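Per-entry structural report
Here is what each chain is made of, one letter per residue.
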Amino acid sequence: MVTSAMVRRRSGSHRRFALPSRRDWLDCMSAVAAALAIGLSMQSVLIDESANKTEITHRTSPGSGPEAGPVSRETIVAGYVGAPFTHASDLRFVKPGTTDLTVHDVQWQGRPFKSPIYYGLRASRWWAQSPLGAMVDFTHSKAIATPDQQVRFSGTRNAAPAPAPAKIIDTFRHMEFSHGHNTLTMNALWRLWPAGLRLMPYVGAGGGINLPHTEVQFADEKDRTYEYQFAGPSGQVLVGVEIHLPSSSVFIEYKFTLARYTAPLTGRDSRHSYGPDDLWAQFMDWWHGRSPAYGTVTTTLASHQLIGGIGYRHGSPPSP
């Protein structure tokens, strides 16, 4: 016999690992179209330059045909746009002595093409005579709790039992990381094919830190937390294809990121300050041992991201 409790458990589990919505798929397809448009436009702009330049990618030995040339050092500085899909997650609010509340299966929207848009900046370095490289990667994404979704609570808040299931908007005025869900990572890269080819697939993995803009406020609290913060570690894996143009590169990439958040709920509303100011205030709180006024919120954000971008490529001449 299937009980109502079993149905609730099954539906909750399904919701946590739900497939991307139609909007998520449209965002991903838009990101792919944008990447292809960047590549085609850049190729048309550089076609004359390509005809007048010769890339030193092959050498000829006496009595033999062309062979792959030596691998040169390369430095690439790039920017990209894209679309994320972030899985539902639980949020745990803790204020010692009064609150230990969990909000279950909160679903997130990315809204990659609504300001501030999804974007990223990176710098990578490929070593000579090696398929290995390294990359510093900054990603600005967003994670916004849909206000009309029904959520379930457990635990206690302000020494009282958790409230009954309710819509996000009935319990919270703000629950989002919309300026945004930012990660800064250091990554190792590996090219799967030898250098000297125009089409270059690669894989990579790395780790770093989360620098979100936390925006959280309960409906019955007068202060909201609205500031940039250091919130914990993050990691990512990626696979992509890079297309070499005469002095630039176009790339399309999939990456999966896992970010563990422990964000202090300070009640500071820093609408007129900047990221460094917020991080300095957080550091000073830690230095002086001050606890956040409204406790902390903890969650783990797992995101699939499809990106496309273009970068300037500078390489040293191949060794003779």
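Owing to the predicted nature of the structure, the values given are computational and were not obtained by experimental measurement. (Residues numbered from 1 in each chain as written. Predicted model: local features only at pLDDT ≥ 70, side-chain atom pairs only at ≥ 80, totals over all residues. Heavy atoms only, no water.)

**Description of the overall build of the chain**
Check the secondary structure of the chain and you find 4 helices and 18 strands. Expressed as a percentage of its 320 residues, the buried residues of the chain come to 42%. Long-range contacts, defined as pairs at least 24 residues apart, comprise 74% of the intrachain contacts of the chain with a sequence gap of at least 6. (Helix = DSSP H or I, 4+ residues; strand = E, 2+ residues; numbered from the N terminus. Buried < 20%, exposed > 50% of the residue type's maximum accessible area, 1.4 Å probe, protein only. Contact = heavy atoms within 4.5 Å.)

**Concerning the side chain of Glu221**
Tracing the backbone through its elements, the reader meets Glu221 in the loop between β14 (213-218) and β15 (225-228). Only 3.2 Å separates the side chain of Glu221 from the side chain of Arg157, close enough to count as a polar contact. Once residues lying within four places of it in the same chain are set aside, the contact partners of Glu221 are Arg157, Arg173 and Tyr294. (Polar contact = N/O pair within 3.5 Å; in protein donor to acceptor, adjacent residues only side chain to side chain.)

**Re the confidence of the model for the chain**
The predicted model of the chain averages 81 in pLDDT, with 75% of residues at 70 or higher. Within the model, pLDDT remains below 50 along residues 1-20, and this stretch shows 18 contacts once partners closer than five positions in the same chain are excluded. Contacts of residues 38-70 to residues separated by more than four positions or lying in other chains number 37 contacts, the stretch itself having pLDDT below 50. (pLDDT = per-residue confidence, 0-100.)

**Let's talk about the nonpolar core**
If you look at the biggest cluster of nonpolar residues, it comprises 24 residues, and the most contacted ones within it are Phe93, Val106, Trp108, Phe172 and Met175. Mapped by element, the contributors of at least two residues to this core are β4 (89-95), β5 (99-106), β8 (132-145), β9 (150-157), β12 (172-191), β14, β17 (248-264) and β18 (296-315). When near neighbours in sequence (up to four residues on either side) are disregarded, Phe172 contacts Phe93, Val103, Phe153, Gln217, Phe218 and Ala219. Grouped together as the second largest cluster of nonpolar side chains are 11 residues, Ile76, Tyr80, Leu238 and Phe251 included. (Core = buried A, V, L, I, M, F, W, Y, C linked by side-chain atoms within 4.5 Å.)

**Topic: the environment of Met200**
Its location among the elements puts Met200 in strand β13 (residues 199-210). Taking the C-alpha atoms as reference points, Met200 and Phe251, 51 residues apart in sequence, are found 9.1 Å from one another.

**Points about the packing of aromatic side chains**
Throughout the structure, instances matching the rule amount to 12 aromatic pairs. With a centroid separation of 6.5 Å and 50 degrees between ring planes, the pair formed by Tyr80 and Tyr118 is classed as tilted. Highlighted residues: Tyr80 in strand β3 (residues 74-86) and Tyr118 in the loop between β6 (108-109) and β7 (119-126), separated in sequence by 38 residues. Residue classification places Tyr118 among the buried positions, given a relative accessible area of 2%. Both rings, one in Phe283 and one in Trp286, keep their centres 5.7 Å apart while their planes meet at 40 degrees; by these two values the pair is tilted. (Phe/Tyr/Trp six-rings, centres within 6.5 Å; stacked < 30°, edge-to-face > 60°.)

**As for a nonpolar patch on the surface**
Residues Trp127, Leu132, Trp190, Leu192, Trp193, Leu199, Val241 and Ile243 make up a contiguous nonpolar surface patch of about 740 Å² in total accessible area. Secondary-structure assignment places Leu199 in strand β13. (Patch = residues over 30% accessible without salt bridge, like charges linked within 9 Å, V, L, I, M, F, W, Y side chains within 5 Å. Areas by Shrake-Rupley, 256 points an atom, 1.4 Å probe, with all protein chains shown as cover. Salt bridge = Lys/Arg side-chain N within 4 Å of Asp/Glu carboxyl O.)

**Considering the environment of Val297**
Examined against the element boundaries, Val297 turns out to sit in strand β18. On the accessibility criterion, Val297 (1% relative accessible area) is buried. Through-space distance from the C-alpha of Val297 to that of Leu101 is 9.4 Å; in sequence the pair is 196 residues apart. Dropping the residues within four chain positions of it, Val297 is found in contact with Leu91, Arg92, Phe93, Tyr261, Thr262, Ala263 and Leu265.

**Some words on the environment of Thr146**
As for its placement among the helices and strands, Thr146 is situated in the loop between β8 and β9. If near-sequence neighbours (up to four positions away) are discounted, Thr146 is found in contact with Gln107, Gln109 and Ile168. Polar contacts involving the side chain of Thr146 include one to the side chain of Gln149, which spans 2.7 Å.

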